[in-house]
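What the coordinates show
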Amino acid sequence: MAEWTLLEGVNRAFASEMRRDANVIVLGEDVGVNGGVFRATDGLQDEFGIERVIDTPLAESVIVGMAIGMAAQGLRPIVELQFMGFIYPAVDQIINHASRLRNRTRGRITCPMVIRAPFGGGIHAPEHHSESTEALFAHMPGVRVVVPSSPARAYGLLLAAIRDPDPVVFLEPKRVYRLGKQEVEDSGEALPLDTCFVLRDGIDVTLVSWGASIKETLEAAAELARVGVDAEVIDVATLSPLDMDTILDSVARTGRCVIVHEAARSCGVGAEIAARLAAEGITSLLAPVLRVTGFDTVMPLYRYEDQYMPGVHRIVDAVQEVMGYR
Amino acid sequence: MQASDIHFETTEFLDSSGKLLRPLPAMLSSRDQLVELYRVMVQTRVFDRAAINLQRTGEMGTYPSNEGQEAIGAGIGYAMQDDDVLVPYYRDIATQIQRGVLLEEILRYWGGDEWGMHFRHQAEDFPVSVPIATQACHAVGIGYAIRYRQQARAVVTTCGDGATSKGDFYESINIAGVMGLPVVFVVNNNRWAISVPLEKQTAAPTIAHKALAAGIDGYRVDGNDAVAMVQVMSDALQQARAHRRPSIVEALSYRLGDHTTADDANRYRPREELEAARALEPLIRYKAYLQAGHDWSDDDDESLYADCVAEARSAIEVYRAFPPQPAGEFFDYMYARPTADLEKQKQEWLTQVKRHG
């Protein structure tokens with residue numbers, strides 16, 4: 001087994017599936033010769049050629065719209081949008097077409113495609129390069145929203161996303177693209193979508209997070225363990241549709257829940273999880289459900305981005321607060 | 001160099017009186033072929049009126065009239081091969097009829113039932129696109145799939161003149177040019193985008209000029225002249241299929257109807273302009289040409305109209321008799337397999353319906 005970064009997990013999933021299925025096509029800005037601005041598609045054009053790894057013009061809407069046409073013809077397009085901040089011209093294509101072609105043709109035309117975008121802050125990038133707006137997509141019926149948080153999950157979930165018969169918005173936490181390596185077998189085996197991953201068992205409190213914030217959430221859990229608080233950590237992984245069963249089951253045991261996400265707080269995916277806990281798990285709760293999140297401001301430029309994103313201390317404080325309810 | 005220094009000739013075969021200006025295209029040379037083309041236009045005109053009446057009497061929802069657009073649709077459909085792909089907007093009934101879409105399916109869609117876009121006899125053509133110009137992008141992707149598989153097929157996508165102001169239109173013609181994709185972008189320049197006239201959409205001398213910036217071919221054709229439409233579409237499609245040369249076909253017409261049944265064009269459109277346009281509409285000249293050159297009698301014409309009326313009536317009967325969708329079916333096609341949440345929401349909805357009706 002090789003040791004990969006999360007970025008390498010993405011890259012190896014591409015290569016594995018492209019060897020297996022000649023219908024898999026990669027398109028986007030700079031994905032070919034340059035291998036993507038983060039190198040997620042590095043080496044793919046050499047191996048699979050310019051017909052399958054396409055450097056497109058700089059035009060996000062037609063890149064996604066074109067993938068819809070390809071998918072309708074039985075190809076399996078994977079689109080890279082360079083940063084989440086540049087996904088918005090393509091939202092029209094995602095919400096008005098990719099997400100609804102199956103429904104509006106009663107299954108005659110479908111859209112098996114993956115729309116990848118690096119997201120989130122923490123790499124000192126310029127303006128518009130650091131936002132987390134996953135809730136926009138989680139709110140759209142007809143698409144899946146998947147966020148990996150480790151090399152193994154990047155590999156296994158991307159394989160699953162490519163093979164899924166419906167469109168998947170696959171958001172990659174770029175802050176942890178190269179942070180740490182993990183042994184992963186290049187087995188071509190997908191991980192399941194629509195399911196959470198329990199990363200740490202615990203009995204006192206359930207910490208729910210996804211993407212890059214998993215890192216601080218796990219660090220907070222380790223720090224809490226030193227003061228006798230045993231936290232369960234859940235990586236939601238598929239933000240839509242939500243696997244509430246895993247979260248409800250955990251909260252039924254712990255009675256407490258803190259949700260951690262980098263995105264702005266109001267109407268974020270955390271709000272949906274909290275609402276579902278209130279509706280379906282209220283009798284288990286010993287304390288209010290708290291959220292540790294970004295703020296309802298524009299993401300500050302990089303000097304203050306660390307203050308915007310949920311840090312370990314903020315998570316620990318929130319857990320201490322819910323532990324105060326007996 | 002000024003844009004107006006470049007001239008796009010408008011292809012014409014029939015003048016407004018129905019006089020043939022040049023020899024007929026090879027694919028449209030027999031009387032049968034000429035009548036077949038006429039039939040599609042009459043069928044579309046008659047069906048369109050019937051559909052508007054259905055909306056007016058409350059039996060169908062909002063519907064976009066195709067009046068005056070029949071020659072464009074008929075010419076496109078006539079020139080396309082079965083294995084080409086159509087990515088239409090909502091004024092392409094004539095083409096859709098020729099592509100195997102059933103009249104009752106068109107009624108079913110505008111009558112609020114998604115099964116209308118299922119198309120029993122057409123697997124690949126896209127459903128009509130409502131968000132303006134977005135469909136041009138899909139055509140490009142289909143064109144790419146055709147190129148990738150090295151097939152000799154082409155894609156036709158249609159839009160109105162207003163759509164050419166949108167980014168999706170420019171992004172699509174640009175990428176088609178860069179990649180050499182077999183796509184024909186037909187622009188129905190009917191002068192009005194709801195209430196906004198062409199001169200407020202663009203300062204380009206013609207819409208065909210927009211092809212220049214994308215490095216693709218531009219054609220300009222009288223869209224009220226079905227014969228010219230067949231010739232130009234046939235040329236453009238041949239270039240697309242054989243040489244992967246994409247193009248814009250600007251078809252000049254006039255929207256004789258309102259934008260949709262929810263619109264009232266009297267609010268913004270001069271009556272004299274409409275009256276002048278009526279004299280140029282496609283069916284009058286085509287009938288005159290058939291009468292003068294092909295022995296088409298008033299009896300022939302009446303009998304054709306009677307056939308088309310009977311067809312429209314029969315489609316309406318089929319439309320009326322369609323069973324409603326199974327209860328809660330709108331939950332079932334969001335994903336290949338409904339998610340657990342959707343299953344729950346469907347049950348919740350079914351329970352509510354049972355309880356409250």
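Because the structure is a prediction, the values reported are computed rather than measured. (Residues numbered from 1 in each chain as written. Chains lettered and ligands numbered in written order. Predicted model: local features only at pLDDT ≥ 70, side-chain atom pairs only at ≥ 80, totals over all residues.)

1. Quick word on the overall build of chain B
What counts is decided by this rule: Helix and strand assignments come from DSSP, with helices taken as H or I runs of at least 4 residues and strands as E runs of at least 2, each series counted from the N terminus. Computation of the radius of gyration draws on C-alpha atoms alone. For the globule rule, the value is 2.2 Å times the number of residues to the power 0.38. To sort residues by exposure, count the other C-beta atoms lying within 10 Å of each residue's C-beta; 20 or more gives buried, 12 or fewer gives exposed, and values between give partly exposed, all with C-beta atoms placed from the backbone. By definition, residues are in contact whenever their C-beta atoms, placed on the basis of the backbone, come within 7 Å of each other.
Assigned secondary structure in chain B consists of 12 helices and eight strands. Relative to its length of 357 residues, chain B is compact, with a C-alpha radius of gyration of 21 Å against a globular reference of 21 Å. Its C-alpha atoms give chain B principal-axis dimensions of roughly 70 × 50 × 40 Å. Looking at chain B residue by residue over its 357 residues, the buried ones come to 48%. Long-range pairs, those at least 24 residues apart, make up 76% of the contacts in chain B with a sequence separation of at least 6.

2. Re the overall build of chain A
What chain A contains, in helices and strands, is 12 helices and 14 strands. The C-alpha atoms of chain A give a radius of gyration of 19 Å, which matches the 20 Å a tight globule of 326 residues would have. In terms of overall dimensions, chain A has C-alpha extents of about 60 × 40 × 40 Å along its principal axes. Within chain A, the proportion of its 326 residues that are buried is 59%. By sequence separation, contacts in chain A at least 24 residues apart represent 81% of the contacts at least 6 residues apart.

3. Thoughts on the sheet that holds strand β4 (residues 183-189) of chain B
Residue and element names in this part refer to chain B. Stated precisely, the cut-off is as follows: Pairing between strands is defined by DSSP: at least two bridges between the two strands are required.
Taken together, the six strands give an open sheet; going across it, the order is β1-β7-β8-β4-β3-β2, and neighbouring strands pair in parallel fashion. The strands lining the two open edges of the sheet, one partner per strand, are β1 (10-11) and β2 (85-87). As judged from the six bridges shared by β4 and strand β8 (residues 247-252), these two strands associate in the parallel manner. Bridging across to β8, N188 finds its partner in A251.

4. As for the sheet that holds strand β13 (residues 257-261) of chain A
All names here are of chain A. Short version of the rule: Helix axes are fitted only over the stretch in contact, all axes being lines through C-alpha atoms; the angle between N-to-C directions runs from 0 to 180 degrees.
Strand order in the open sheet formed by five strands is β9-β11-β10-β13-β14, with mixed pairing between adjacent strands. What marks the edges here is a single partner per strand, and that holds for β9 (197-200) and β14 (290-293). Sheet twist, expressed as the mean angle between neighbouring strand axes with direction ignored, is 25°.

5. Brief notes about helix α10 (residues 269-280) of chain A
All names here are of chain A. Which entries qualify depends on this criterion: Each helix should span, by expectation, one fewer than its residue count multiplied by 1.5 Å. This arc is built from the directions going out from the helix axis to the C-beta atoms.
Between its first and last C-alpha, α10 extends 16 Å over 12 residues, near the 16 Å set by a 1.5 Å rise per residue. Within α10, burial applies to V269, G270, I273 and L277. Along the long axis of α10, the arc covered by the buried residues comes to 105°, so they all point the same way. Seen from the open side of α10, the exposed residues pointing more than 90 degrees away from its buried face are A275, A278 and A279. Residues of α10 that are buried sit in contact with α6 (134-138), β10 (205-209), β12 (238-240), α9 (244-254), β13 and β14.

6. Side note on the packing of helix α3 (residues 60-72) of chain A against helix α5 (residues 134-148) of chain B
Using the following cut-off: The scheme is simple: roughly parallel for angles under 35 degrees, roughly antiparallel for over 145, roughly perpendicular for 65 to 115, oblique for anything else. A clockwise turn of the near helix away from the far one marks a right-handed crossing, whereas an anticlockwise turn of less than a right angle marks a left-handed crossing. Note on residue categories: nonpolar means Ala, Val, Leu, Ile, Met, Phe, Trp, Tyr, Cys or Pro, charged means Asp, Glu, Lys or Arg, and polar means any other residue, Gly included.
Contact geometry of α3(A) with α5(B) gives a least axis separation of 6 Å together with a crossing angle of 55°. The pairing of α3(A) with α5(B) is recorded here as oblique in orientation. By crossing handedness, the relation of α3(A) to α5(B) is classed as right-handed. Of the residues in α5(B), those touching α3(A) at S61(A), V62(A), G65(A), M66(A), A67(A), I68(A), G69(A), M70(A) and A72(A) are T134(B), C137(B), H138(B), A139(B), V140(B), G141(B), I142(B), Y144(B) and A145(B). Partitioning the contact of α3(A) with α5(B) into residue classes produces 12 nonpolar, six polar and no charged.

7. So, the domain arrangement of chain A
Residues and elements named next belong to chain A. Keep this limit in mind: Segment limits for the domains were obtained from an automatic or database-derived domain assignment.
Taken domain by domain, chain A holds domain 1 (2-184) and domain 2 (197-323). Relative placement of domain 1 and domain 2: their C-alpha centres are 26 Å apart. Counting residues at the interface gives 25 residues for domain 1, matched by 23 residues for domain 2. Counting residues per element, the ones that place at least two in the side of domain 1 that touches domain 2 are α6, β6 (144-146), α7 (151-163) and β7 (168-173). Classifying every residue of the side of domain 1 that touches domain 2 by side-chain character gives 11 nonpolar, eight polar and six charged.

8. Things to note about the nonpolar core
Just so we agree on the cut-off: To count as a nonpolar core, a set of buried Ala, Val, Leu, Ile, Met, Phe, Trp, Tyr and Cys residues must be joined through C-beta atoms within 7 Å.
In this structure, V258(A), V319(A), V140(B), M229(B) and V249(B) are the most contacted members of the largest nonpolar core, which totals 200 residues. Here this core takes 11 residues from helix α1 (residues 31-56) of chain B, the largest share from any one element. Other than its neighbours up to four places away in sequence, V249(B) contacts V184(B), V186(B), V187(B), Y219(B), V221(B), V232(B), M233(B) and A236(B).

9. Some details on the packing of helix α4 (residues 103-110) of chain B against helix α11 (residues 298-321) of chain B
Residue and element names in this part refer to chain B. One way to put it is that α4 packs onto α11 with a least axis distance of 8 Å and a crossing angle of 50°. In terms of their interaxial angle, α4 and α11 are classed as oblique. Note on packing geometry: the crossing formed by α4 with α11 is right-handed. Two secondary-structure elements touch here, α4 through L103, E104, L107 and R108 and α11 through E311, A312, A315, I316, V318 and Y319. Looking at side-chain class alone, the contact of α4 with α11 contains seven nonpolar, no polar and three charged residues.

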